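Structure at a glance
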Amino acid sequence: MSTLSTKYDPSQIEDKWYAAWLEANLFHSEPDERPAYSIVIPPPNVTGILHMGHVLDNTLQDVLIRRKRMTGFNTCWVPGTDHASIATESKVVAKLAEEGIRKEDIGREKYLEHAYAWKDKYGGIILHQLKKLGCSCDWDRTNFTMNPDYSKAVLEVFCKLFEKGLIYRGIRMVNWDPKAQTAISDEEVNYKSIQGKLYHIRYPIEGMEDSYAIVATTRPETLLGDTAVAINPVDDRWAHLKGKQAIVPLVGRPVPIIEDEYVKTDFGTGCLKVTPAHDINDYELGIKHGLDSIDIFSDDGTINESGDLYLGQDRFAVRKEIVKDLEEAGLLVKIEPYAHEVGHSERTDVPIEPKLSMQWFLKMEELVKPALNAVNEGDIKLIPGRFINTYRHWLENIQDWCLSRQLWWGHQIPAYYLKGGNDYVVASSLEEALEEAQKKTGDSSLTAKDLTQDPDVLDTWASSWLWPIEVFKGLSEPGNPDITYYYPTQTLVTGPDIIFFWVARMIMAGYEIMGEKPFEDVYLHGLVRDKKRRKMSKSLGNSPDALKLIDDFGADGVRMGMLLSAPAGNDILFDESLVEQGRNFCNKIWNSLRLVKGWELSDVPASDQDQMAIKWMQARIDAESLVINDHFEKYRLSDALMACFKLIRDEFSQWYLEMVKPPYGEPISRETWEATISFFEQVLECLHPFMPFITEEVWQQLRDRKEGDFIVLQQQKKPSEVMHPILEEFELIKELVTKIRAFRVENGFSPKEQISLFLKTKDEERFIPYTSLLEKFLNTDTIAFVKEQVENSGSLRVQTHECFIPLKAVDTGAEREKLKKEIQYYEGFLQKTEKKLSNEKFVANAPEKVVALERKKLADTQEKLNVLRESLLQLN
């Protein structure tokens, strides 16, 4: 007898098998003659730890890669991490602050030593955590966006784009993050609805006593940088101010009153304060009207010398103080509540500050064209397709990309300034820069000391957009076997929240640098939310600890729980009960293993009943395998898992094992046992991509395996397209068993109590081969066929067949009402079907199979009604 534990314990299984897989090097890939299937992991931040979004994203990738590995592909899933400039710098600066150190005091070189030490200690923890989830990455290929080769590739691409005239340096309005003290891109700004205030302020008019322009603003502190007041030229309310000058309150600076159609006459007062240095629209007005720009903010959001009335104070503290000062000066008219959208930094969650700044930019107009065409023409597929419009809209309205960030952690921009001026050269190394500078100036006496490298670093996305290329060394070792074999990759799995940051930019880089797409399909999954549809966050306390879930329920349980609720593109409503269902399913599989391992074997031939069950189970597996294949091809991974789940729980465990299970204490035919083990292996192999640990453990337990045999490497056979007629027959038998079992419960029969079953049917031969199965499933003492209703019996219908089960007493009144309700239901169904088939447009345009199905429904319903009406007539 088996010595298996009575309950599946993932803690005893998962680490054991993952270590075995690694020791056998099962996940490593090298180019060979097989077709390649490659995925690159969306590199998590080096600061990251495993959360539910990572669980979903990486489980989906692992499912795809394991499935392809088992269907003949040479699979390569490349892992790695992103250096995450802003997030990592924030962590390192905070650590130094705890030690009483400012990065500015120790200098860039020493600071970077601290940063790399932090990265070596804490960075990449998430990759080890992904192993707990069962991710079958090629860990030998683990990359990092600041590895030496990768960094060299990033700088060389910058130089090439600069040489093509696509990169330029200039002063432009950018989104400034005062906490991180760096520019961020438009895509890194999240807009939040804020309940703020609208301040109405008097601007005295020069030379006109007791005359004012009334300006309404949500940001009174920015008046320190005002250089004009604008009115609409057709607004009669302010016509008397044309050609005049306004005095900026508290500051006393005279500024022109300009006229522009941009000013909305129906917003606020119709007068607009213009602060070109701190509002993108004001900046455009400033250029149009030749206005000065006065930058009043330091990089940390405090007031600088240009706003000296409040020098050194924080912008929000100044807002309160300036309102108080305006009120005391009699220049504050009123304050109104006002809801408006305020941009916040995605990285630090502080309100961004529009700011004029000298930055590096990448021209996007030419890069966009092939990326737009690739998706429009279907060369790259976005799944689900509804995201195509989102992608298209962004690319068609794209702005030049601000590449520079005012940080020290990252790829330092390869631009070198000549001493004593703003002239510069761009080169991927100091040596090359010196050579370029000597050529440019004609001065061969220049030395490296005459050059100063730009202190800024590149936007993190300006390195990760090369990820599918450089993880295979497509830039550092052009034409190498890996880039030739694995590129373009096949599937990118990610969330739609980075479709602009990363997906679109990788596509641009692929066409610009490699001349072809970086991947074929982009599978976009939704965000993980709680069951109340709230986004998961620590502040709400609704974000579970992913590693604790794995400890409590096992990795397979967590994977199943996530995937069952993860249709492509839709947000996932996470519910811990789904994870519990995953754990329970593992126990179901384990119990099936314990059952078959506990059977004694006999060399007698398989019974007719067993042979029929064997034939049905193989046909059922083949049929379901076709369905699962179709789900995979269409990226319906949640549906594919549900199909596997039902195949194992319902068809194999509930029906097949019950059919072939020998009576207690009796042996099973070796032939039947061998078939059963084969079916068990097949369904486990279907399930393996979703739940790798339980399937490996059970698969190993089913037979004595040779060393090196793993379910991971098993090749799934291609299922037959031919559907066996036994499938339809068994569905009838299963429906009959299910309904009679329910009837037994409703009528108080104990499980041990035998019943008699009488079948009234025009198709007796359909049931005859299955009478022994029915006896086993239903605990009957008699199964017979009749022409008339059996007296003193309860009845039920299965399709067009009627069943009678004798009872001690039958409530004919209740039976009559039951029949009437059924007749009423089917009459309504019949009416709907007839109406659909009488619609000429439907019959003409619907697929032939659909119309045929509706006609079959009509015929079946008519036959059911005939049976029901006859039964009612007999009761009457």
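Preceding this paragraph is the structure being described.
Residues numbered from 1 in each chain as written. Predicted model: local features only at pLDDT ≥ 70, side-chain atom pairs only at ≥ 80, totals over all residues. Heavy atoms only, no water.

1. Remarks on the overall build of the chain
Per the secondary structure count, the chain includes 27 helices and 31 strands. Oriented by its inertia axes, the alpha-carbon framework of the chain measures out at about 110 × 65 × 55 Å. Within the chain, buried positions represent 54% of all 876 residues. Working note: accessible area of the chain is about 40200 Å², and carbon and sulfur atoms make up 49% of it. Here the chain contributes 107 positive and 139 negative side-chain charges, whose respective centroids are spaced 4 Å apart. (Helix = DSSP H or I, 4+ residues; strand = E, 2+ residues; numbered from the N terminus. Buried < 20%, exposed > 50% of the residue type's maximum accessible area, 1.4 Å probe, protein only. Areas by Shrake-Rupley, 256 points an atom, 1.4 Å probe, with all protein chains shown as cover. Lys, Arg positive; Asp, Glu negative; His and termini not counted. Charge placed at Lys NZ, Arg CZ, Asp CG, Glu CD.)

2. Notes on the sheet that holds strand β23 (residues 519-524)
Spatially, β15-β23-β22 is the arrangement adopted by the 3 strands of the open sheet, whose pairing is parallel. Looking at strand neighbours, the two that pair on one side only are β15 (381-383) and β22 (489-494), the edges of this open sheet. Averaged over neighbouring strand pairs, the angle between their axes works out to 20° when direction is ignored. As judged from the 3 bridges shared by β15 and β23, these two strands associate in the parallel manner. In the sheet register, L382 faces β23, and the bridge partner there is V522. (Pairing = 2+ DSSP bridges. Axes fitted to C-alpha atoms, helices over the stretch in contact; angles between N-to-C directions.)

3. Points about the sheet that holds strand β5 (residues 167-177)
Strand order in this open sheet of 4 strands is β6-β5-β14-β16, and the pairing throughout is antiparallel. Pairing within the sheet leaves two strands with one partner each, and these edge strands are β6 (182-184) and β16 (401-402).

4. Notes on unusual backbone geometry
In this chain, I383 is followed by P384 through a cis amide linkage whose omega measures 0°. With respect to the helices and strands, the residue P384 is situated in the loop between β15 and α10 (387-396). The peptide bond linking Y487 to P488 adopts the cis configuration, its omega dihedral lying at 0°. Backbone geometry at Y635 places phi at a positive 60°, although glycine is not the residue there. With respect to the element layout, Y635 can be found in the loop between α19 (608-633) and α20 (637-660).

5. A word on helix α5 (residues 125-133)
Considered for burial, the residues of α5 that qualify are I126, L127, Q129, L130 and L133. Summarising the axial view, the buried residues of α5 lie within an arc of 160°, below the 170-degree limit, and thus occupy one face. Just downstream of α5, G134 is the residue with a positive phi angle, here 95°. (Arc of directions from axis to C-beta.)

6. Details of the packing of aromatic side chains
Considering all chains together, one arrives at 33 aromatic pairs under this definition. Geometrically, the ring pair formed by W17 and F710 is edge-to-face, given 6.3 Å between the ring centres and 90° between the ring planes. Of the two residues, W17 sits in helix α1 (residues 14-23) while F710 sits in the loop between α22 (692-702) and α23 (726-746), which places them 693 residues apart along the sequence. Residue class for F710 comes out buried when judged on its relative accessible area of 9%. Taken together, F158, F162, W360, Y417 and Y424 form an aromatic cluster joined through their ring pairs. Sitting above the plane of the W139 ring, K131 keeps its charged end 4.9 Å from the centroid. The ring of Y262 has K264 lying over it, and the distance from NZ or CZ to the ring centre is 5.0 Å. (Phe/Tyr/Trp six-rings, centres within 6.5 Å; stacked < 30°, edge-to-face > 60°. Lys NZ or Arg CZ within 6 Å of the ring centre and 35° of its normal.)

7. Points about the side chain of S29
Topologically, S29 is positioned in the loop between α1 and β1 (36-40). Owing to a relative accessible area of 1%, S29 belongs among the buried residues under this scheme. There is a polar contact of 2.5 Å between the side chain of S29 and the side chain of Y486. (Polar contact = N/O pair within 3.5 Å; in protein donor to acceptor, adjacent residues only side chain to side chain.)

8. A closer look at the pattern of salt bridges
Overall, the coordinates contain 63 salt bridges when judged by the stated rule. Salt-bridge contacts for K439 lead to E435; the nearest nitrogen and oxygen are separated by 3.8 Å. Pair noted here: K439 and E435 are both in helix α11 (residues 430-441), with a separation of 4 residues, about one helical turn. Residue classification places K439 among the exposed positions, given a relative accessible area of 57%. (Salt bridge = Lys/Arg side-chain N within 4 Å of Asp/Glu carboxyl O.)

9. Here we look at the state of the cysteines
Under the defined criterion, the tally for this structure stands at 0 disulfides. C76 forms no disulfide, and the closest cysteine sulfur to it belongs to C137, at a distance of 9.7 Å. (Disulfide = S-S within 2.5 Å.)

10. Considering a negative patch on the surface
Taken together, the side chains of E163, E431, E432 and E436 make up a negatively charged region of the molecular surface. Looking at which element gives the most residues to the negative patch, the answer is α11, with 3 residues. Looking at where E432 falls in the secondary structure, it is placed in helix α11. E432 gets classed as partly exposed once you look at its relative accessible area, which sits at 41%. (Patch = residues over 30% accessible without salt bridge, like charges linked within 9 Å, V, L, I, M, F, W, Y side chains within 5 Å.)

11. With respect to a nonpolar patch on the surface
A surface patch of nonpolar side chains, about 250 Å² in accessible area, is lined by I49, Y122 and I125. Looking at where I125 falls in the secondary structure, it is placed in helix α5.

12. Here's the deal with the packing of helix α9 (residues 365-376) against α10
Working note: a packed helix pair is described by the angle between its axes plus the distance between those axes. Interhelical geometry of α9 versus α10 gives an angle of 165° and a closest axis separation of 10 Å. Viewed along their axes, α9 and α10 adopt a mutual orientation that is roughly antiparallel. Regarding α9 and α10, the two cross each other, and that crossing is left-handed. Between α9 and α10, the residues in contact are V368, A371, L372, V375 and N376 and I388, Y391, R392, L395 and E396, respectively. Looking at side-chain class alone, the contact of α9 with α10 contains 7 nonpolar, 1 polar and 2 charged residues. (Parallel < 35°, antiparallel > 145°, perpendicular 65-115°, else oblique. Left-handed = near helix turned anticlockwise from the far one by under 90°. Contact = heavy atoms within 4.5 Å. Nonpolar A, V, L, I, M, F, W, Y, C, P; charged D, E, K, R; others polar.)

13. Focus on the pairing of β23
Of all the 6 residues making up β23, 5 are buried; the element is thus mostly covered by neighbouring parts of the structure. Handedness of the crossover is the feature at issue here: the chain leaves β22, passes through helix α15 (residues 499-514), returns alongside β23, and the resulting connection is right-handed. (Right-handed = clockwise from strand over helix to strand, strands pointing away.)

14. Let's talk about the pairing of strand β7 (residues 189-205)
Sheet topology places β7 next to strand β13 (residues 332-345); 13 bridges connect them, and they run antiparallel. Each bridged residue has a counterpart across the sheet, and for H200 the counterpart in β13 is K334. Strand direction decides the pairing type here: β7 and strand β8 (residues 208-217), joined by 7 bridges, are antiparallel. Pairing of P204 across the sheet is with Y212, part of β8. The antiparallel hairpin formed by β7 and β8 contains 2 residues in its connecting segment, where G207 sits at a positive phi of about 80°.

15. With respect to the nonpolar core
Across soluble globular proteins, nonpolar side chains have a tendency to be buried as a group. Core analysis: the biggest nonpolar cluster contains 189 residues, and M508 and Y656 have the highest contact counts within it. For this core, the leading source of residues is α20, giving 14 residues. With 29 residues, the next largest nonpolar core counts I205, V229, I231 and V318 among its residues. (Core = buried A, V, L, I, M, F, W, Y, C linked by side-chain atoms within 4.5 Å.)

16. Focus on the side chain of Q406
With respect to the element layout, Q406 can be found in the loop between β17 (404-405) and β18 (415-418). A polar contact is formed between the side chain of Q406 and the side chain of Q359, at a distance of 2.8 Å. One polar contact links Q406 to D456, side chain to side chain, over a distance of 2.8 Å.

Keep in mind these numbers describe shape, not what the thing actually does.
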